[in-house]
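Examination of the molecular architecture
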Amino acid sequence: MAENGLASRLYNGEAGLNIVGRRKLWFGVAGVLVLIAILSFSIRGFSLGIEFAGGNSFQVPASVGTLDDAEREVNSALAAENTGVTVATTQKVGGPGGDSYELRTPQLTAEQATAVKAQIAEDLGINVDQISDNQVSEAWGSQVTERAVLGLVIFIALVMVYLILRFEWRMAVAAVASLITNLILTAGIYSLVGFEVTPSTIIGFLTILGFALYDVVVVFDKVQENTRGITANNNQTYGEASNLAINQSLMRSLNTSVVALLPVGGLLFIGAGLLGAGTLKDLGLVLFVGMAVAFLTSILVATPLLALLKNYDPRIQAHNKRVQSRRGAVSRGEVPGKGAASPVAQADAADEPVDQDAAALAGAAPKVGARPAGKRPTGARGGRPGGGGNRPGGAKRR
């Protein structure tokens, strides 16, 4: 029984999952999730980091106590100076002078920042020189965003050109649609959960595009292999061949995703959780979320969308109808060659387009066991000369 389990069937590409056939379900779910993400962008927005929203950061030595102690003292100093703000984010960072705590706040004036810095030093009992403060303008974040959007547009354009040259334009459209869906859903998770958006997040967003594209290309390569010359036979529709390709490559995609998520998970949970490296948390979080979503979109969105686009191709439409017509004839007990209707008659009865080449070949094909239909020489006995040789009545030899 274990040999017929789901894992074994996945490994052998025989899971038989009807993914392309249920594309309406996947498109509906994806559409609802995309709509929720867009509404979240409009209503909730994003939790922008100091680099995008602007603000101040204060770094104090880790020797003052725990991170919670440092945050409590900085909040006390902010309240004492009547700034009306509190610490937004905290993280532990390393440096040449040893570990320190970085505490970020919304935008402060220069006078407020100086006063808060002095108050923090007094409350913690350290010199003012041991505290460093920085002010970041939101203009820097805007520049990063513009560069990221420009890089995204260039990347998508290059991907379109590559996929058109490597496969065809329908595969390029389906792959890019899957990439965009992946980005929207990942950004939607950030917006809904309230994860902070930092420059590391932007870098991670651009990184997951490469992984998502790789997963789509792996599946499309198998689709192309299964559908090459598909119109020459009437055994499978294009959607069925594409669905078989997904089942055959599903285990490979799953293994690739798991192997990619394991180090990213280690980066996120060990590097950020245990070591307290805030930069690793921002980068690992977007990679973990984006790669998980990329696996789902490459399987449930890209290939079903490709099958939908191919079904609008007249050649594929005619092929799919021939397959259905043949199956209908088989279900009615009609055997080709023994009273079964010709391809032209079957198509006429179903009011369907006919592949003229296939019909001509079907009509010209000889029956099993038939003699070649070539010309015979004329003669009295099946082409043999009426006289001559040593037969009676023939001419005598001299």
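The rules we used
- Residues numbered from 1 in each chain as written.
- Predicted model: local features only at pLDDT ≥ 70, side-chain atom pairs only at ≥ 80, totals over all residues.
- Heavy atoms only, no water.
- Helix = DSSP H or I, 4+ residues; strand = E, 2+ residues; numbered from the N terminus.
- Buried < 20%, exposed > 50% of the residue type's maximum accessible area, 1.4 Å probe, protein only.
- Expected span 1.5 Å × (residues − 1).
- Arc of directions from axis to C-beta.
- Axes fitted to C-alpha atoms, helices over the stretch in contact; angles between N-to-C directions.
- Parallel < 35°, antiparallel > 145°, perpendicular 65-115°, else oblique.
- Left-handed = near helix turned anticlockwise from the far one by under 90°.
- Contact = heavy atoms within 4.5 Å.
- Nonpolar A, V, L, I, M, F, W, Y, C, P; charged D, E, K, R; others polar.
- Phe/Tyr/Trp six-rings, centres within 6.5 Å; stacked < 30°, edge-to-face > 60°.

Note that serine 63 resides in the loop between strand E2 (55-61) and helix H4 (67-80). Given a relative accessible area of 68%, serine 63 falls into the exposed group. Serine 63 sits 36 residues away from aspartate 99 along the chain, and the two C-alpha atoms are 8.3 Å apart.

With that settled, the discussion passes to helix H2 (residues 23-43). With 21 residues, H2 extends 30 Å from end C-alpha to end C-alpha; this agrees with the ideal 30 Å at 1.5 Å per step. Among the residues making up H2, those that are buried are Ala30, Val34, Ala37 and Ser40. The buried residues of H2 occupy an angular sector of 120° when the element is viewed end-on, so they sit on one face. Residues of H2 that are exposed and angled more than 90 degrees away from the buried face: Lys24, Leu35, Ser42 and Ile43. Positive backbone phi, at 75°, marks glycine 45, one or two positions downstream of H2.

Turning next to the packing of helix H6 (residues 138-166) against helix H7 (residues 169-193). Closest axis-to-axis distance for the H6/H7 pair is 8 Å, and the angle between their directions is 150°. Considering the angle they form, H6 stands roughly antiparallel to H7. The two elements H6 and H7 cross, and the hand of that crossing is right-handed. Together, Leu152, Phe155, Ile156, Val159, Met160, Leu163 and Ile164 of H6 and Trp169, Met171, Ala172, Val173, Ala175, Val176, Leu179 and Leu183 of H7 make up the contact between the two elements. The class makeup of the residues in the contact of H6 with H7 is 15 nonpolar, no polar and no charged.

Throughout the structure, instances matching the rule amount to four aromatic pairs. With centroids separated by 5.2 Å and ring planes inclined at 75°, the aromatic side chains of tyrosine 190 and phenylalanine 195 adopt a geometry described as edge-to-face. For phenylalanine 195, a relative accessible area of 25% corresponds to the partly exposed category. With 6.0 Å between their ring centres and 55° between their planes, tyrosine 190 and phenylalanine 205 make a pair best called tilted. Taken together, the positions of tyrosine 190 in helix H7 and phenylalanine 205 in helix H8 (residues 199-227) put the pair 15 residues apart, joining distant regions of the chain. Within the aromatic cluster, the residues linked to one another by ring pairs are Tyr190, Phe195 and Phe205.

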